[in-house]
Amino acid sequence: MKNIKLKYLVPFIFFTISMVVSLGIYFFNIDRALKTEENKFIELAKYRAIERQGIIEALLRKDDIAELRRIFNVIGAAKDLEYALLIDENEKVIISTKRMFA
């Protein structure tokens, strides 16, 4: 086995250690950044849901069923949503995103 000169070995060890530390910091920060973005997305979704709820309540007070249907059509177009229902106090379906409920 050849002897490796110390002048090459020491920089290589320092380089290796610094790369491991740098990659560790990089991956730790990516994970934290992804969690931050996910939290922002969840907060935005909550805000939009509350906003839509207010709009739907206002339209119900005005008895604007045509506009409610349009909103539920938009809501129903979401690929990750199975269905959405708007029911009254007697649990009768007023509007839904699927025909089987209406």
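Coordinates for the structure precede this section.
For clarity, every value in this text was computed on a predicted model and none was experimentally measured. (Residues numbered from 1 in each chain as written. Predicted model: local features only at pLDDT ≥ 70, side-chain atom pairs only at ≥ 80, totals over all residues. Heavy atoms only, no water.)

Turning to unusual backbone geometry, a few remarks are in order. Even without being glycine, Asp63 reaches a positive phi, approximately 60°. As for its placement among the helices and strands, Asp63 is situated in the loop between helix H1 (6–62) and helix H2 (65–76). Judged by relative accessible area, which is 60%, Asp63 ranks as exposed. In this model, Glu91 sits at a positive phi of 60°, which is unusual for a non-glycine residue. Mapped onto the elements of the fold, Glu91 is located in the loop between strand E1 (85–87) and strand E2 (93–96). (Helix = DSSP H or I, 4+ residues; strand = E, 2+ residues; numbered from the N terminus. Buried < 20%, exposed > 50% of the residue type's maximum accessible area, 1.4 Å probe, protein only.)

The next subject is the environment of Leu60. For Leu60, the position within the fold is in helix H1. Looking at Leu60, the relative accessible area reads 32%, which means it is partly exposed. With residues up to four places along the chain from it excluded, the contact list for Leu60 reads Leu68 and Leu86. (Contact = heavy atoms within 4.5 Å.)

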